[in-house]
Amino acid sequence: MADTDSPTAGASPVSPIDRDLEAHLAAHDDEQLQRLLALLRIPSISALPAHAPDVAAAAEWLAGELRRLGLDDVQVVATPLHPLVTARWHRRPGAPTAIVYCHYDVQPVDPVDQWETAPFEPFVRDGRIVGRGSADDKGQIVMHLAALEALLAVHGALPLNLTFVFEGEEEYGSESIMAWLRANREALRADLVVISDTGFFEGNIPALTVGLRGITYAQVDVYGAPVDLHSGQYGGVVENPVNALARIISALKGPDGRVRIPGFYEDVLPLPEAEQARLAALPFDEEAYRLGTGVRELVGETGFTTLERRGARPTLDVNGIWGGFQGEGAKTIIPAEAHAKVSCRLVANQDPDRIFALLRAHVAEIAPPGVRVEVRLIHGGRPILTPTDHPAILAAARALEAVYGQPPVFIREGGSIPVAAAFGEVLGLPVVLYGLTQPASNAHAPNEWLAVENFERGARAIVRLWQELAELPR
Ligand SMILES: [Zn+2]
């Protein structure tokens, strides 16, 4: 690991990277902004088949940029759905190799009438770049391109080896890249993965996300008689699938917020005391968070704080439930069936398949007689947790501190990025979530924006990250 006497140390917070690099970046900030606006004008919505040609166009745009920068092996890789764009610069034998991941597809734009202007006609106002994809994730792609361009223009080389993987399907489940990762393990040999698809903390506090939750998503189906029965003739005599489902659901989680599936917590890594203290010290405004949700009170597992519950504890929720008569008025039946979507957010070291097996076994155990109950898996994704003292995380923290003048906070996010876990799991590599956007960016919502300041400083933070990682021993 680089010590504090590394060649880059000693730079003042004003000039966290060397003068020539800073001069080059400063001279090209506006050009890079124009480049981002051009990419934002391509409506690469991966979820909508009508936009497939736009996703392809964004891939070609990106490949064109990578070729212009002189990267090697630039490819638009066809997949069953949307293409990947890959490239490499491996001209520093002996130096570490990082895989860089971002995604160039975007979320759909509805409700369109809530946008100030058309989502794909981006504009800059009051220091904000507004447009679909500005924060998630095209802005971070262009930050990476700007960093590359500066390093190659000024030094003629990068300080380490980079493999770029840009996905066009992240907002639509990332299915294609999973198979591609498994099939290309050899070509993807590296020392770590850097993913720029997260953000800072509370306002705009520099942060490194070190944990993401995984997920097990299942459906529970309860069947009684083959058809709805008259509740006068059969009530009290046959089991009612909706009642049965309600009993099953209520047995899965207690009022104390504890999941009651035997073995559910067995693999959960306890939160180290140091990290508990770190979470408690974060400048988190719990009341503002509550107000943002619109609920009367925050609740959760007894013995844990809101931030712990959100990022470091697993949970179980019913996402939807249906069955029986739902029309106006009354209909006296015993429904033939009832259904629920049930998902668990998982934390390190839980395995989504094992959790599904435990859930299924427990539901079978508690299912009342008189009905047939099925539990099936809809999808699963693994959690990730990179230790805060991992040399790559420390290097990333040094880079952010150099550029922002304050050490980043370490956070665990409650959501999932399945591809992040896949990189870690399939390639066996540490994952650094190096996200550089402000959290209130309206990602996935109308009027998505990226602060021009985050965009410009982000490029510098990436330059500095490569310099810090280059110093790490292999
Ligand atoms: Zn994203």
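Higher on the page you've got the structure.
Here's what I pulled together on the structure shown here. (Residues numbered from 1 in each chain as written. Predicted model: local features only at pLDDT ≥ 70, side-chain atom pairs only at ≥ 80, totals over all residues. Heavy atoms only, no water.)

Quick notes on the coordination of the zinc ion
Inference 1: The protein atoms that coordinate the zinc ion are His103 (NE2), Asp136 (OD), Asp197 (OD) and Asp197 (OD), at distances spanning 1.9 to 2.6 Å.
Inference 2: For the zinc ion, the 4 donor atoms in the first shell make angles of 53 to 148° at the metal, so the coordination geometry reads as irregular.
Inference 3: Sequence positions of the residues that donate to the zinc ion give the spacing H-x32-D-x60-D. In this pair, His103 sits in strand S3 (residues 97-103) while Asp197 sits in the loop between strand S7 (192-195) and strand S8 (207-212), placing the two residues 94 residues apart along the sequence.
Inference 4: With relative accessibility at 0%, the residue His103 sits in the buried group.
Inference 5: Relative accessible area serves as the criterion here: at 12%, Asp197 is assigned to the buried category. (Donors = N, O, S within 2.8 Å, 3.2 Å for Na, K, Ca; no water. Tetrahedral: all angles 85-135°; square planar, octahedral: opposite > 155°, others 65-115°. Helix = DSSP H or I, 4+ residues; strand = E, 2+ residues; numbered from the N terminus. Buried < 20%, exposed > 50% of the residue type's maximum accessible area, 1.4 Å probe, protein only.)

Focus: unusual backbone geometry
Inference 1: Cis geometry is adopted by the peptide bond preceding Pro111, which originates at Asp110 and carries an omega value of 0°.
Inference 2: At the junction of Asp136 and Asp137, the peptide bond is cis and its omega measures out at 10° in the coordinates.
Inference 3: By secondary structure assignment, the location of Asp137 is in helix H3 (residues 134-155).
Inference 4: At Asp73, a position not held by glycine, the phi torsion is positive, near 50°.

Overview of the environment of Ala421
Inference 1: Take Ala421: it is sitting in helix H12 (residues 418-427).
Inference 2: A residue is classified by how much of its surface remains accessible, and Ala421, at 5% relative accessible area, is buried.
Inference 3: Once the C-alpha coordinates of Ala421 and Glu170 are considered, the two residues, 251 residues apart in sequence, prove to be 13 Å apart.
Inference 4: Excluding residues that lie within four positions of it along the chain, Ala421 makes contacts with Arg382, Pro383 and Ile384. (Contact = heavy atoms within 4.5 Å.)

Describing the sheet that holds strand S11 (residues 315-323)
Inference 1: The strand order across the open sheet built from 4 strands is S11-S13-S9-S14, with neighbouring strands paired in antiparallel fashion. Each end of this open sheet is capped by a strand with a single partner; those strands are S11 and strand S14 (372-381). Sheet twist, expressed as the average angle between the axes of neighbouring strands with direction ignored, equals 15°.
Inference 2: Of the strand pairs in this sheet, strand S9 (residues 214-223) and strand S13 (residues 337-346) are connected by 10 bridges, and their pairing is antiparallel. Directly across from Ile215, in S13, lies its bridge partner Arg345.
Inference 3: Across the sheet, helix H6 (residues 241-252) is in contact with S9, S11, S13 and S14; its angle to S13 comes to roughly 15°.
Inference 4: Here helix H10 (residues 352-366) sits on the sheet and contacts S9, S13 and S14; the angle it forms with S14, its principal contact strand, is near 165°. (Pairing = 2+ DSSP bridges. Axes fitted to C-alpha atoms, helices over the stretch in contact; angles between N-to-C directions.)

Let's talk about a nonpolar patch on the surface
Inference 1: A cluster of nonpolar side chains, contributed by Tyr234, Val237 and Val238, occupies part of the molecular surface with about 260 Å² of accessible area.
Inference 2: Considering the arrangement of structural elements, one finds Tyr234 in helix H5 (residues 231-234).
Inference 3: Tyr234 gets classed as partly exposed once you look at its relative accessible area, which sits at 34%. (Patch = residues over 30% accessible without salt bridge, like charges linked within 9 Å, V, L, I, M, F, W, Y side chains within 5 Å. Areas by Shrake-Rupley, 256 points an atom, 1.4 Å probe, with all protein chains shown as cover. Salt bridge = Lys/Arg side-chain N within 4 Å of Asp/Glu carboxyl O.)

Things to note about the nonpolar core
When a protein is soluble and globular, its nonpolar side chains tend to lie buried together.
Inference 1: Core analysis: the biggest nonpolar cluster contains 72 residues, and Tyr434, Trp466 and Leu469 have the highest contact counts within it.
Inference 2: Top element by residues in this core is H3. It accounts for 10 residues.
Inference 3: Ranked by size, the runner-up nonpolar core spans 27 residues in total, among them Ile261, Val268, Ala340 and Val347. (Core = buried A, V, L, I, M, F, W, Y, C linked by side-chain atoms within 4.5 Å.)

Details of the packing of aromatic side chains
Inference 1: Under the counting rule described, the total for this entry stands at 5 aromatic pairs.
Inference 2: A ring pair is formed by Phe164 and Phe166, whose centres lie 5.8 Å apart and whose planes are at 25°; its orientation type is stacked.
Inference 3: Its relative accessible area of 1% is what places Phe164 among the buried residues.
Inference 4: On the basis of an interplanar angle of 80° and a centroid distance of 5.1 Å, the ring pair of Phe264 and Tyr265 is categorised as edge-to-face. Tyr265 matches Phe264 in its accessibility class, with the two residues each being buried. (Phe/Tyr/Trp six-rings, centres within 6.5 Å; stacked < 30°, edge-to-face > 60°.)

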